[in-house]
Amino acid sequence: MFDMNPYLPHEALIIERIQEAPELFTLRLEFTEPEIQHRYKFEPGQFNMLYLYGVGEIAISIVSDPEDGNIIDHTIRVLGRVTRGMNKLKKGDRIGLRGPYGRGWPMQEARQKDVVLITGGLGCAPVVSAINYIQQRRAQFGRLNIVQGVKHSDDFIWKDRYDQWRELPDTKVLLAADVGAELWPWHIGPVTVLFDQLEFDPQNVCVMMCGPEGMIRATCDHMLEKQVLPEQMFLSMERNMQCAIGHCGHCQYGDKFVCKDGPVFSYDKIRDLFAVKGF
Ligand SMILES: Cc1cc2nc3c(=O)[nH]c(=O)nc-3n(C[C@H](O)[C@H](O)[C@H](O)COP(=O)(O)OP(=O)(O)OC[C@H]3O[C@@H](n4cnc5c(N)ncnc54)[C@H](O)[C@@H]3O)c2cc1C
Ligand code: FES
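How each quantity is defined
- Residues numbered from 1 in each chain as written.
- Chains lettered and ligands numbered in written order.
- Predicted model: local features only at pLDDT ≥ 70, side-chain atom pairs only at ≥ 80, totals over all residues.
- Heavy atoms only, no water.
- Near = heavy atom within 4 Å.
- Polar contact = N/O pair within 3.5 Å; in protein donor to acceptor, adjacent residues only side chain to side chain.
- Areas by Shrake-Rupley, 256 points an atom, 1.4 Å probe, with all protein chains shown as cover.
- Helix = DSSP H or I, 4+ residues; strand = E, 2+ residues; numbered from the N terminus.
- Nonpolar A, V, L, I, M, F, W, Y, C, P; charged D, E, K, R; others polar.
- Domains from an automatic or database assignment.
- Pairing = 2+ DSSP bridges.
- Axes fitted to C-alpha atoms, helices over the stretch in contact; angles between N-to-C directions.
- Buried < 20%, exposed > 50% of the residue type's maximum accessible area, 1.4 Å probe, protein only.
- Contact = heavy atoms within 4.5 Å.
- Expected span 1.5 Å × (residues − 1).
- Buried area = accessible area lost by both parts, 1.4 Å probe.
- Salt bridge = Lys/Arg side-chain N within 4 Å of Asp/Glu carboxyl O.

Peer 1: Which parts of the structure should I look at to understand the site of ligand 1?
Peer 2: In the region of ligand 1, 17 residues are neighbours, and Ala59, Thr75, Arg77, Thr83 and Glu238 sit closest. Within the side chain of Glu238, an N or O atom sits 2.9 Å from a nitrogen atom of ligand 1. Summarising the interface, the protein chains cover 64% of the accessible area of ligand 1, which totals 900 Å² for the free molecule. Mapped by element, the contributors of at least two residues to the shell around ligand 1 are β4 (56-61), β5 (72-77) and α2 (81-86). Sort the elements by how many residues they give to the shell around ligand 1 and β4 lands first, with 4 residues. Classifying every residue of the shell around ligand 1 by side-chain character gives 9 nonpolar, 4 polar and 4 charged. Two domains share the shell around ligand 1, each providing at least three of its residues, namely domain 1 (10-101) and domain 2 (107-274).

Below, the structure is given as structure tokens:
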């Protein structure tokens, strides 16, 4: 988007702060310069570099809808130095923003197809952006399957959203926790056990995933067994990032850069690397 210095962040105002869970919050942003806001366009699955003045800059996915006019939502998990600092920000504070970067989800290709969305872990933002997108345009997509796996049932957040997604037409929502508290009404065990309940046409499906690489590997193996082609499966990857424009090499993944060639890859493009544990 920015044709000047690609490393230069632009000032964004926090117009709302939402506490999603004890360690998870959403910042709703808008640029302070109307010209920058007007030119800013993104696609689901892309990310921005957010700069906390005097502390540091981090990659964060965009979860709001591309057609939602002026707002840019980021859901952030408190992890280390920068995210701890961002957690203290409040409405009216300002941060730096540059982006959007990377390749997002293949939303155009997925139109009229069944869609399977699989996430693992806490509030997996990249897949949430795809779910939000489909929700706004439900009639343009086939059957929708949403699968979420968490380590412990206490890690499950956004119950209201899952309840709301369950009410969408032709939509199946399946939840699993490796360890469940007494009143956890859903499945206990790995998400992979739920896969036989998915409803999709293997010849006409788009699978989108994010989460721990072990879970993604298991999902891809299952989908291949069901005759889903590797080019119909997409995953969003995370790597340590600095420049976000393919210059510094911090996010190198084989012959690819996650910031520029990803973060969303089709499985056929990274299948060989993905088979190597810890790469
Ligand atoms: C394309 C992309 C999109 C992302 N989208 C989101 C998002 O929407 N919401 C969100 O909360 N986070 C997202 N992240 C992760 C986010 O960038 C990191 O959590 C953040 O950089 C941590 O910064 P920090 O200074 O708070 O922690 P640090 O002090 O840098 O790190 C604390 C600890 O976490 C580890 N760590 C740091 N970054 C990562 C990472 N990416 N994956 C695994 N471990 C890591 C470090 O090795 C260290 O052990 C995304 C990352 C990428 C690459
Ligand atoms: S972050 Fe610099 S090359 Fe990707």
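Picking up where we left off.
Peer 1: Just checking my understanding: could you explain the sheet that holds β4 for this structure?
Peer 2: Hydrogen bonds between backbone groups are what pair the strands of a sheet, and the pairing can be parallel or antiparallel. If you trace the 6 strands from one edge of the open sheet to the other, you get β4-β3-β6-β1-β2-β5, paired in antiparallel fashion. The open sheet has two edge strands with one neighbour each: β4 and β5. Pairs of neighbouring strands in the sheet enclose a mean axial angle of 40 degrees, with direction left out of account. Pairing analysis gives 8 bridges linking strand β1 (residues 10-21) to strand β2 (residues 24-31), with the strands arranged antiparallel.

Peer 1: Sorry if this is basic, but what is going on with the pairing of strand β3 (residues 47-52) here?
Peer 2: Most of β3 is tucked away: 5 of the 6 residues are buried. Across 6 bridges, β3 lies against β4 in antiparallel orientation. By the bridge assignment for β4, Leu52 is matched with Gly56. Two successive antiparallel strands, β3 and β4, enclose a turn made up of 3 residues, where Gly54 displays a positive phi of approximately 75 degrees. Inspection of the sheet shows β3 paired to strand β6 (residues 94-101) by 4 bridges, in the antiparallel sense. Its bridge partner being in β6, Leu50 is matched across the sheet by Leu97.

Peer 1: Looking at this structure, how should I read the side chain of Gln46?
Peer 2: The topology assignment puts Gln46 in the loop between α1 (34-39) and β3. From its side chain, Gln46 meets the backbone oxygen of Gly102 in a polar contact 2.8 Å long. Every residue in contact with Gln46, bar those within four places of it in the chain, is listed here: Ser61, Ile62, Pro100, Tyr101, Gly102 and Gly104.

Peer 1: What's the story with helix α4 (residues 125-136) in this structure? I'm lost.
Peer 2: Think of an α-helix as 3.6 residues a turn; residues three or four steps apart then line up on the same face. Between its first and last C-alpha, α4 extends 17 Å over 12 residues, near the 16 Å set by a 1.5 Å rise per residue. Counting buried positions along α4 gives 10 out of 12 residues, so the element sits mostly inside the fold. Listed as buried for α4 are Ala125, Pro126, Val127, Val128, Ser129, Ala130, Ile131, Asn132, Tyr133 and Ile134.

Peer 1: When you look at the domain arrangement of the chain in this model, what are you seeing that I'm missing?
Peer 2: Much of the literature gives interface size as the accessible area that the parts lose upon coming together. What the domain assignment reports for the chain is domain 1 (10-101) and domain 2 (107-274). Distance from the C-alpha centre of domain 1 to the C-alpha centre of domain 2: 22 Å. In this complex, domain 1 contributes 19 residues to the contact, which on the side of domain 2 involves 21 residues. With both chains or domains summed, domain 1 and domain 2 bury close to 1600 Å², and 63% of this area falls on carbon and sulfur atoms. Considering only the surface of domain 1 that becomes buried against domain 2, Pro44, Phe47 and Val63 emerge as the three largest contributors, covering 28% of it. For the pair domain 1 and domain 2, the number of links is 3 salt bridges. A salt bridge links Arg137 to Glu67, with the shortest nitrogen-to-oxygen separation between them at 3.6 Å. Where domain 1 meets domain 2, there are 5 residue pairs in polar contact (both at pLDDT 80 or more). If you list the elements that add at least two residues to the side of domain 1 that touches domain 2, you get β1, β3, β4, β5 and β6. Top element by residues in the side of domain 1 that touches domain 2 is β4. It accounts for 3 residues. Class assignment of the residues belonging to the side of domain 1 that touches domain 2 gives a composition of 10 nonpolar, 3 polar and 6 charged.

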